[in-house]
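Read off the chains here:
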Amino acid sequence: MLAELLPTAVVAVEAYDDSAPVELFPEEQAIVARAVDKRRREFTTVRGCARQALARLGYGPAPILPGQRGAPQWPAGIVGTMTHCEGYRACALALDRDVRTLGVDAEPDAPLPEGVLEAIALTDELAMLRDLDTRSRGVHWDRLLFSAKEAVYKAWFPLAAKWLDFSEARIAIDPDAGTFEATLLVPGPVTPEGPLAGFSGRWLSRRGLLLASIVVTAPSATDGASTAPAPAERQPG
């Protein structure tokens, strides 16, 4: 499912349960030694996804430890992102010569808990959601807004190495193309190509899940055609 949103330079591995056996490194075990069972299962399965993705890129297994602000620390030469929610775990990785940064977030296709939308949404985003709810039913747009903002942060942080508040990026969702645009309201991180003013993303709704993804490719990447948007499976209308 996730691979449909990503160019072929990116390897995606996903799981819908925690049945696959995964052996944690001692350093990883120490992180979840006192965690509740749910947290331990999520942590373990998503690292199993990461191991498979690393293998497909020619890397051996390695401990994936949280670094600054919890961002996963990848082996040298790798950029990546992980996500998990109820019934879904996934990891997307690429070589840093092909991709500058990645951000992926998965959420249940269900309304946001009470009070969350007011905490994350800008005034014009609230107006957008009202319009989407009126003309494009079938997706919980408030949750998709949250997921898109999470994907933005995950793509932002490896480049900027600092916090990005929900209020510092404005999201515009295209319900028909399965895409979204994120405009940064603060100075963007600097890449070898110059500062970023925002991110382009893709989304889909399937199996009771919402997925949002962002990929910033390097100019040397030759997979340009694969970054063209594909329609979301469920076209509200």
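Residues numbered from 1 in each chain as written. Predicted model: local features only at pLDDT ≥ 70, side-chain atom pairs only at ≥ 80, totals over all residues. Heavy atoms only, no water.

J.: Would you mind going over the nonpolar core in detail, with residue names and values included?
T.: Ranked by size, the top nonpolar core spans 33 residues in total, and within it Ile 173 and Phe 199 carry the most contacts. Breaking this core down by element, the ones donating at least two residues are α3 (116-120), α4 (123-135), α5 (141-160), β5 (169-174), β6 (179-184), β9 (198-206) and β10 (209-217). Non-local contacts of Phe 199, meaning those with residues more than four positions away in its chain, are made with Thr 101, Val 152, Ala 155, Trp 156, Phe 180, Glu 181, Ala 182, Leu 184, Ile 214 and Val 216. Listed in part, the 20 residues of the second largest apolar core include Leu 6, Ala 94, Leu 209 and Leu 211. (Core = buried A, V, L, I, M, F, W, Y, C linked by side-chain atoms within 4.5 Å. Buried < 20%, exposed > 50% of the residue type's maximum accessible area, 1.4 Å probe, protein only. Helix = DSSP H or I, 4+ residues; strand = E, 2+ residues; numbered from the N terminus. Contact = heavy atoms within 4.5 Å.)

J.: Account for α5, with residues named and values stated.
T.: A rise of 1.5 Å per residue sets the reference length of α5, with its 20 residues, at 28 Å; its end C-alpha atoms lie 28 Å apart and thus fit the reference within 8%. Counting buried positions over the 20 residues of α5 gives 15, a clear majority of the element. Of the residues trailing α5, Ala 161 is marked for its positive phi of about 55°. (Expected span 1.5 Å × (residues − 1).)

J.: Which residues make up the layout of surface pockets, and what values go with them?
T.: In this structure, the largest pocket encloses a volume near 880 Å³. What lines the largest pocket is a set of 40 residues, and nearest its centre among them are Gly 70, Ala 71, Pro 72, Met 82 and Lys 154. Among the elements of the structure, α2 (37-56), β2 (78-85), β4 (99-108) and α5 are those that each provide at least two residues to the lining of the largest pocket. A breakdown of the residues in the lining of the largest pocket according to their chemical character gives 21 nonpolar, 8 polar and 11 charged. (1 Å grid on protein atoms, 1.4 Å probe; cavity = no way out; pocket = protein on both sides within 12 Å on 5 of 7 lines; lining within 4 Å. Points joined across faces, edges and corners; volume = space filled by probe spheres on them. Nonpolar A, V, L, I, M, F, W, Y, C, P; charged D, E, K, R; others polar.)

J.: Hey, could you go over the environment of Gly 80 for me, with residue numbers and the actual values?
T.: When you line up the elements, Gly 80 lands in strand β2. Expressed as a C-alpha distance, the spacing of Gly 80 and Ala 94, which sit 14 residues apart in the sequence, is 6.3 Å. Sequence-distant contacts of Gly 80, defined by excluding residues within four places in its chain, comprise Trp 74, Ala 92, Leu 93 and Leu 102.

J.: Break down the pattern of salt bridges for me, citing the residues and quoting the values.
T.: Where charged atoms from two side chains of opposite charge approach closely, those side chains can pair. Taken as a whole and judged by the stated rule, the model has 13 salt bridges. Across the pair Arg 100 and Glu 193 runs a salt bridge whose closest N-O atoms are separated by 2.5 Å. Taken together, the residues span a long stretch of sequence, with Arg 100 in strand β4 and Glu 193 in the loop between β7 (190-191) and β8 (194-195) at a distance of 93 residues. When the shortest N-O distance is used, the salt bridge between Asp 131 and Arg 135 registers 2.6 Å. On the criterion of helical spacing, the pair formed by Asp 131 and Arg 135 is a turn pair, its members being 4 residues apart in helix α4. It is possible to trace a salt-bridge network through shared partners that takes in Asp 18, Asp 37, Arg 41 and Arg 89. (Salt bridge = Lys/Arg side-chain N within 4 Å of Asp/Glu carboxyl O.)

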